[in-house]
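Read off the chains here:
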Amino acid sequence: MSSILAQYQDERAFRALTGVSREEFRGLLPVFKESYEELRWEAYETNRVIRQRQPGGGQKGVLDTIDKKLFFILHYWK
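No experiment lies behind these values; they were computed from the predicted model shown.

Visitor: Would you mind going over the overall build of the protein with me for this structure?
Guide: Helix and strand content of the protein: 4 helices and 0 strands. N-terminal to C-terminal, the α/β element order of the protein is α-α-α-α. Relative to the globule expectation of 12 Å for 78 residues, the C-alpha radius of gyration of the protein, 15 Å, shows a markedly less compact shape. The principal-axis extents of the C-alpha atoms in the protein amount to approximately 50 × 25 × 20 Å. Counting every position in the protein, which comprises 78 residues, the buried fraction comes to 22%. Across the protein, the fraction of contacts at a sequence separation of at least 24, relative to all contacts at a separation of at least 6, is 61%.

Spelled out as structure tokens, the structure:
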């Protein structure tokens, strides 16, 4: 079980925060992960020539897992 789903055990609270049910969230997660990785790869390929750091260098994000990123986006758009 993902960390976000474990944190919000109450279905009503989860739906109030994101606008989707836990089952819908689980369904969106693989699609979101695939799209996210594709966009990252496209950005890498586009900026490969002008890159100043090696991939993985630089500041690390606070949202470390893909489910936290999806939760943040859904909460923001809600």
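Past the structure itself, the notes keep going.
Visitor: Just checking my understanding: could you explain the pattern of salt bridges for this structure?
Guide: Opposite charge on two side chains lets them pair, provided their charged atoms get close. A complete count under the given rule lists 3 salt bridges for this structure. In this structure, the salt-bridge partner of R22 is E11, at a minimum N-O distance of 3.8 Å. Linking R22 in helix α3 (residues 22-46) with E11 in helix α2 (residues 11-18), this pair joins segments that are 11 residues apart in sequence.

Visitor: Could you clarify how one ought to interpret the packing of aromatic side chains in this entry?
Guide: For any pair of aromatic rings, the description consists of the separation of the ring centres together with the inter-plane angle of the planes. As enumerated under the stated definition, the model contains 5 aromatic pairs in all. Measuring from centroid to centroid gives 5.3 Å for F14 and F25, while their planes differ by 85 degrees, and the two rings are edge-to-face. With F14 in helix α2 and F25 in helix α3, this pair connects stretches of sequence that are 11 residues apart. We note that F14, like F25, is buried. Relative to W77, the ring of Y76 lies with its centre 5.8 Å away and its plane at 90 degrees, an arrangement referred to as edge-to-face.

Visitor: Looking at this structure, I do not really get a nonpolar patch on the surface. What am I missing?
Guide: Together, V62, L63, F72, I73, Y76 and W77 make up an exposed nonpolar region whose accessible area comes to about 730 Å². Relative to the assigned elements, Y76 resides in helix α4 (residues 66-77).

Visitor: I'm lost on the side chain of D67 in this one. Help?
Guide: One can find D67 in helix α4. Within the buried core, D67 has no salt-bridge partner, and the shortest N-O distance to an opposite charge, that of K68, equals 6.6 Å. Within the local environment of D67, its side chain forms a polar contact with the side chain of T65, the two groups lying 2.5 Å apart.

Cut-off values and rules
- Residues numbered from 1 in each chain as written.
- Predicted model: local features only at pLDDT ≥ 70, side-chain atom pairs only at ≥ 80, totals over all residues.
- Heavy atoms only, no water.
- Helix = DSSP H or I, 4+ residues; strand = E, 2+ residues; numbered from the N terminus.
- Rg over C-alpha atoms; globule rule 2.2 N^0.38 Å.
- Buried < 20%, exposed > 50% of the residue type's maximum accessible area, 1.4 Å probe, protein only.
- Contact = heavy atoms within 4.5 Å.
- Salt bridge = Lys/Arg side-chain N within 4 Å of Asp/Glu carboxyl O.
- Phe/Tyr/Trp six-rings, centres within 6.5 Å; stacked < 30°, edge-to-face > 60°.
- Patch = residues over 30% accessible without salt bridge, like charges linked within 9 Å, V, L, I, M, F, W, Y side chains within 5 Å.
- Areas by Shrake-Rupley, 256 points an atom, 1.4 Å probe, with all protein chains shown as cover.
- Lys, Arg positive; Asp, Glu negative; His and termini not counted.
- Polar contact = N/O pair within 3.5 Å; in protein donor to acceptor, adjacent residues only side chain to side chain.

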